[in-house]
Amino acid sequence: MGKLYVVPTPIGNLRDITLRALEVLKEVEYIACEDTRRVKILLNHYDIRNKKLISYYEPREEKQIPRIISVLREKDVALVSDAGTPGISDPGFRLVRTCIREGIEVEVLPGPSAVITALVGSGLPTDRFVFAGFPPKKGKRGFFEELLSCESATFVIYESPKRLVKTLQLIGEVFGDVWVCVARELTKIHEEYIRGDLSEVIEELEKRKNIKGEVVVLFREKKFYTAY
Ligand code: SAM
């Protein structure tokens, strides 16, 4: 019986990979991944060759699981996503759940994830946080209204830069007075944190012609944290 290794990969800077992650990727014969081209860039960078790649991507996760499980009955498999930690707004959880149900050992390596990097760099309290992934394109107001019940937490969401300003405006409508941090292009050349009052952050973003790259949005109601 093999083991499933869940292997986080860099969220930008290719050097953000652990020694253990590299060891596992070198040792396994099979790697389950979202986009085979993306994983090949990483593998080539570390001179890791001759791996058998199995596709595992949304929304076809359920269909791909039996093939991975049949490999796992005999050999180890490493699961990676395009960037960061598999299972965090990326495929992973269904495969992990199936392995647990089937009695296949799962070993998760700690490593990069945009949510934790952004949270720590935001300057917002880290005592309690709620990570809610990507808000849906439709029904966004309801998505935020549901979060209202989780009092006194720092909220963390992933969002497309195209929808960023509108989403921030909606956060203002639902939550009122909030402190905000937009963490952009983490670990990359243009990394930046835009922090402040909601209106200040929106004003700063509106000055820009377009907002590029990847962003994490964090916010906390001021009534739960005044000294920012
Ligand atoms: N599994 C990944 C993780 O552990 O963070 C997340 C994958 S999700 C499909 C991609 C989203 O994560 C992006 O749209 C963005 O919101 C966030 N993200 C990933 N890398 C980032 C980076 N370098 N800087 C800012 N946000 C990032």
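Look up: the structure comes first, before these words.
Per-chain numbering applies: the sequence of each chain, read as written, is numbered from 1 onward. Thresholds applied to this predicted model are a pLDDT of at least 70 for local features of residues and 80 or more for the giving and counting of side-chain atom pairs; totals over whole chains, interfaces and linings are not thresholded and use all residues. Remark: hydrogens and water are excluded; side-chain values derive from all non-hydrogen atoms of the structure.

K.L.:
Would you mind going over the packing of helix α7 (residues 164-175) against helix α8 (residues 198-206) in detail, with residue names and values included?
P.N.:
At a minimum axis distance of 10 Å, the contact between α7 and α8 shows a crossing angle of 165°. Here α7 is positioned roughly antiparallel relative to α8, judged by the angle of their axes. Crossing geometry of α7 relative to α8 is assigned as left-handed. Packed against α7, whose contacting residues are L164, V165, L168, Q169 and G172, the element α8 presents L198, V201, I202, L205 and E206 at the interface. Classifying every residue of the contact of α7 with α8 by side-chain character gives seven nonpolar, two polar and one charged. To define axes, lines are fitted to C-alpha atoms, for helices over the stretch in contact only, and angles between the resulting N-to-C directions are given on a 0 to 180 degree scale. Each helix is a run of H or I in the DSSP string that is no shorter than four residues. Each strand is a run of E no shorter than two, and both are numbered from the N terminus. Relative orientations are named as follows: roughly parallel for angles under 35 degrees, roughly antiparallel for angles over 145 degrees, roughly perpendicular for angles from 65 to 115 degrees, and oblique for any other angle. Two helices that cross are described as forming a left-handed crossing if the nearer one is turned anticlockwise from the farther one by less than a right angle, and a right-handed crossing if clockwise. Contacts are residue-level and defined by heavy atoms, with any inter-residue pair within 4.5 Å sufficient. Gly is put with the polar residues, along with every residue not named as nonpolar or charged; the nonpolar set is Ala, Val, Leu, Ile, Met, Phe, Trp, Tyr, Cys and Pro, and the charged set is Asp, Glu, Lys and Arg.

K.L.:
Provide a residue-level description of the pattern of salt bridges, including the pertinent values.
P.N.:
We define a salt bridge as a contact between a side-chain nitrogen of Lys or Arg and a carboxyl oxygen of Asp or Glu at a distance within 4 Å. Applying the stated criterion across every chain, the model contains 24 salt bridges. Of the charged contacts, one joins E62 and R94 as a salt bridge, the two residues approaching to 3.4 Å between their closest N and O atoms. With a gap of 32 residues between them, E62 in helix α3 (residues 61-72) and R94 in helix α4 (residues 93-102) connect regions that are remote in the sequence. Measuring nitrogen to oxygen at the nearest pair gives 3.0 Å for the salt bridge that ties E204 to R208. The exposure class assigned to E204 is partly exposed, which follows from its relative accessible area of 26%. The buried label goes to any residue with under 20% of its type's maximum accessible area, the exposed label to any with over 50%, and the partly exposed label to all in between, with areas taken from a 1.4 Å probe on protein chains only. Judged by relative accessible area, which is 26%, R208 ranks as partly exposed. One salt-bridge network, held together by shared partners, links R184, E192, E204, K207 and R208.

K.L.:
How would you explain the packing of aromatic side chains if you had to name every residue and give the values?
P.N.:
Two rings from Phe, Tyr or Trp (for Trp, the six-membered ring) form a pair when their centres are within 6.5 Å of each other. A pair whose planes differ by under 30 degrees is stacked, one over 60 is edge-to-face, and the rest are tilted. This model, assessed by the stated rule, comprises eight aromatic pairs. Between the aromatic rings of F134 and Y158, the centroid separation amounts to 5.7 Å while the plane-to-plane angle is 65°, which identifies the pairing as edge-to-face. Taken together, the residues span a long stretch of sequence, with F134 in the loop between β6 (129-131) and α6 (140-147) and Y158 in strand β7 (residues 154-159) at a distance of 24 residues. Each residue in the set F143, F144, F155, F175 and F219 is aromatic and connected to the rest through ring pairs, giving one cluster. The ring of W179 has K222 sitting right over it, with the charged end atom 4.5 Å from the ring centre. Whether a charge lies above a ring is judged from NZ of Lys or CZ of Arg, which has to be within 6 Å of the ring centre and within 35 degrees of the ring normal.

K.L.:
Please provide a residue-by-residue account of the site of the ligand, values included.
P.N.:
We call a residue near a given molecule or strand whenever any one of its heavy atoms falls within 4 Å of it. Around the ligand sit 19 residues in total, of which I88, D90, S113, Y158 and V215 are the nearest. Within the contact set of the ligand, an oxygen atom lies 2.9 Å away from a backbone nitrogen or oxygen of T85. Definition of a polar contact: a pair of N or O atoms within 3.5 Å, with one able to donate and the other able to accept a hydrogen when the atoms are protein atoms, and with sequence-neighbouring residues admitted only if both atoms are side-chain atoms. Between the ligand and E214, the relevant distance is 3.3 Å, taken from a nitrogen atom to a side-chain nitrogen or oxygen of the residue. The fraction of the free accessible surface of the ligand (570 Å²) that becomes covered by protein chains is 90%. A majority-of-atoms criterion places the ligand in the largest pocket. Every element with two or more residues in the shell around the ligand is listed here: β7 and β10 (215-221). Note on areas: these come from Shrake-Rupley sampling with a 1.4 Å probe, and a residue is covered only by the protein chains present in the view. The distinction between a cavity and a pocket rests on a 1 Å grid over the protein atoms alone: a 1.4 Å probe fits inside a cavity but cannot get out, while a pocket stays open yet meets protein on both sides within 12 Å along at least five of seven lines, and a residue with an atom within 4 Å of a point counts as lining. More than half of a molecule's atoms within 2 Å of the grid points is what it takes for that molecule to sit in a cavity or pocket.

K.L.:
Describe the packing of α6 against α7, naming the residues involved and giving the relevant values.
P.N.:
At a minimum axis separation of 10 Å, α6 and α7 run at an interaxial angle of 45°. Taken together, α6 and α7 sit at an angle that is classed as oblique. The handedness of the crossing between α6 and α7 comes out as right-handed. On α7, the residues that touch K140, R141, F144, E145 and L147 of α6 are T167, L170, I171, E173, V174 and F175.

K.L.:
Before we move on, can you summarise the sheet that holds strand β5 (residues 105-108) with the specific residues and values?
P.N.:
A pair of strands is labelled paired if DSSP reports no fewer than 2 bridges between them. Strand order in the open sheet formed by five strands is β3-β2-β4-β1-β5, and the pairing between neighbours is parallel. The strands lining the two open edges of the sheet, one partner per strand, are β3 (52-55) and β5. Here the strands of the sheet are splayed against their neighbours by 25° on average, with no regard to which way each runs. Examined bridge by bridge, strand β2 (residues 30-33) and strand β4 (residues 77-79) share three bridges and lie parallel to one another. When the sheet's bridge partners are listed, I31 is paired in β4 with A78. α4 rests against β1 (3-6), β4 and β5 of the sheet, and its axis sits at about 150° to β1.

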